[in-house]
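What follows is the residue order along each chain.
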Amino acid sequence: MVNVGIFGATGMTVVPVATDENGNIDVADLEAKAVQHADDLAALMVTYPSTHGVFEESIEQVCQIIHDHGGQVYLDGANMNAQVGLSRPGDYGADVCHLNLHKTFCIPHGGGGPGVGPICAAAHLVPHLPDLQPDVEADSGMVSAAPWGSTSILPISYAYIAMMGPDGLLEASRLSILNANYMAARLDPHFPVLYRGANGRVAHECIIDVRDYKDVADAEDIAKRLIDYGFHAPTMSWPVAGTLMIEPTESESLAEIDRFCDALISIREEIRAIQNGDADAEDNVLKNAPHTAMAVTSDEWSHPYSRQQAAYPAPWSVATKFWPTVGRVDNAFGDRNLQCACPPMSAYA
């Protein structure tokens, strides 16, 4: 996994740490590298719960190994929606932890999430924290012109916390874990869940493995086809290439979670139709997804499948259809070849 490694600041060396067959930190490898680099070990950066969707049981041991060899532990607390009221990062042994307000405290995660949220530090690091007043004589000073973050965003999280209260926040954490496990249980017979914890459960998210079908339809094909079903695709190819990572959180209803699962299960049947030879290997609903309104109403429709199958693959899509504005594009080509739609500079003369 790339989300864990002995991490140093600019100018230092990053030493990757191995993972075991279950996706967890290889504690023996971590300890060996901590011993090897003990003379200049700066810190470990670790995500908890892990990005592969598991509460790793070795987290306290991991933190202790780093401390025993002179390092500090920076914990990525991006997924506190699975911990609030249940556990505390400080108890694991972490020295620093950021708590993203997106996902956990009512802030949307779109566009990567706003860069706001508290960074918590252990008492021994307080003298090294940035001060509100710059001091050229001190080792540290103010590092941002907005020390309190985005004040236009913070009231949303404040109101959410105030209205939810302790019991509501605890319930949200429990629901985020329940929803992820419910979804994992429904999808596993169709798209195997890649990693689980010691008790066979996932944490706040799960990774479904679609690589067994990549000769027919890969993760991108499935992601594009989900648009026809009315869904924005979940995280693709992270943290494992060729897979889909789903994080339902606590905010979706059972009906909406079931609808999403039904869409993926239906897509699995579309994949099976290609595997069985019932659908064309190249000209099919997955390879051509998503289908725009212009495409399905064109007089030049020549695909071997129907317009209805393309645009209305599920009962709910008839009643509440989301129409994509563009069809399939070559993502890699677009990334490498800038197409500027701006007026030429002469237009401003």
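This structure is a prediction, so every number in the text was calculated from the model and none was measured.

Participant: So what's going on with the packing of aromatic side chains? Residues and values would help.
Facilitator: With the rule as written, the count across this model stands at eight aromatic pairs. Seen in terms of ring centroids, tyrosine 229 and tryptophan 316 are 6.4 Å apart; in terms of plane orientation they differ by 50°. Their pairing is tilted. With tyrosine 229 in the loop between α5 (219-228) and β8 (235-236) and tryptophan 316 in helix α9 (residues 315-319), this residue pair connects regions lying 87 residues apart in the sequence. The burial state of tyrosine 229 is the same as that of tryptophan 316; both residues are buried. Relative to tryptophan 323, the ring of tyrosine 312 has its centre 5.9 Å away and its plane inclined at 85°; by these criteria the two rings are edge-to-face.

Participant: Break down the sheet that holds β8 for me, citing the residues and quoting the values.
Facilitator: As summarised here, the arrangement of the three strands in space is β7-β9-β8, forming an open sheet in which the pairing is antiparallel. Each edge of the open sheet is held by one strand with a lone partner, namely β7 (206-209) and β8. One ladder, built from four bridges, connects β7 with strand β9 (residues 243-246); its direction is antiparallel. Bridging from a neighbouring strand, isoleucine 208 pairs with leucine 244 of β9.

Participant: Tell me about empty space enclosed by the protein, and name the residues and values.
Facilitator: Under the defined criterion, the tally for this structure stands at two cavities of 30 Å³ or more. As a volume, the largest cavity reaches approximately 40 Å³. Lining of the largest cavity is provided by Met80, Asn81, Val84, Thr104, Phe105, Tyr160, Leu169, Ala172 and Ser173. Grouping the constituent residues of the lining of the largest cavity by class yields six nonpolar, three polar and no charged.

Participant: Give me the lowdown on the side chain of serine 157, citing residues and values where you can.
Facilitator: Following the sequence through the fold, serine 157 ends up in helix α4 (residues 154-187). When neighbours within four sequence positions are excluded, serine 157 is seen to be in contact with Leu101, Phe105 and Ile107.

Participant: Describe the pattern of salt bridges, and please don't skip the residues or the numbers.
Facilitator: Summed over all chains, the structure comprises 12 salt bridges. Between arginine 211 and aspartate 209 there is a salt bridge, with the nearest N and O atoms lying 2.8 Å from each other. Looking at arginine 211, the relative accessible area reads 33%, which means it is partly exposed. The shortest N-O distance in the salt bridge between glutamate 270 and arginine 225 comes to 2.8 Å. Of this pair, glutamate 270 sits in helix α6 (residues 254-275) while arginine 225 sits in helix α5; the two residues are 45 residues apart in sequence, bridging distant segments of the chain. Given the relative accessible area of 0%, arginine 225 is considered buried. Three or more residues joined by partner-sharing salt bridges are found here, namely Arg186, Asp258 and Asp262.

Participant: For α5, give the residues involved together with the corresponding values.
Facilitator: Side chains three or four residues apart in an α-helix point the same way, a direct result of the helix having 3.6 residues per turn. Taken across its 10 residues, α5 has eight buried, putting it largely inside the fold. For α5, every residue scored as buried is listed here: Ala219, Asp221, Ile222, Ala223, Lys224, Arg225, Leu226 and Asp228. Residue aspartate 218 occupies the N-cap position of α5, its side-chain oxygen lying 3.2 Å from the main-chain nitrogen of glutamate 220. Two residues or fewer past α5, glycine 230 is found with a positive phi of approximately 95°.

Participant: Any chance you could break down the packing of α5 against α6 for me, citing the residues and the numbers?
Facilitator: Between α5 and α6, the least distance of the axes is 10 Å, while the angle of their chain directions is 125°. By the angle class used here, α5 and α6 are oblique. Every pair of crossing elements has a handedness; the one defined by α5 and α6 is right-handed. Taking contact as the criterion, the partners of Ile222, Arg225 and Leu226 in α5 are, on α6, Phe260, Ala263, Leu264, Ile267, Glu270 and Ile271. Considering only residue class, the contact of α5 with α6 consists of seven nonpolar, no polar and two charged.

Definitions and cut-offs
Residues numbered from 1 in each chain as written. Predicted model: local features only at pLDDT ≥ 70, side-chain atom pairs only at ≥ 80, totals over all residues. Heavy atoms only, no water. Phe/Tyr/Trp six-rings, centres within 6.5 Å; stacked < 30°, edge-to-face > 60°. Helix = DSSP H or I, 4+ residues; strand = E, 2+ residues; numbered from the N terminus. Buried < 20%, exposed > 50% of the residue type's maximum accessible area, 1.4 Å probe, protein only. Pairing = 2+ DSSP bridges. 1 Å grid on protein atoms, 1.4 Å probe; cavity = no way out; pocket = protein on both sides within 12 Å on 5 of 7 lines; lining within 4 Å. Points joined across faces, edges and corners; volume = space filled by probe spheres on them. Nonpolar A, V, L, I, M, F, W, Y, C, P; charged D, E, K, R; others polar. Contact = heavy atoms within 4.5 Å. Salt bridge = Lys/Arg side-chain N within 4 Å of Asp/Glu carboxyl O. Polar contact = N/O pair within 3.5 Å; in protein donor to acceptor, adjacent residues only side chain to side chain. Axes fitted to C-alpha atoms, helices over the stretch in contact; angles between N-to-C directions. Parallel < 35°, antiparallel > 145°, perpendicular 65-115°, else oblique. Left-handed = near helix turned anticlockwise from the far one by under 90°.

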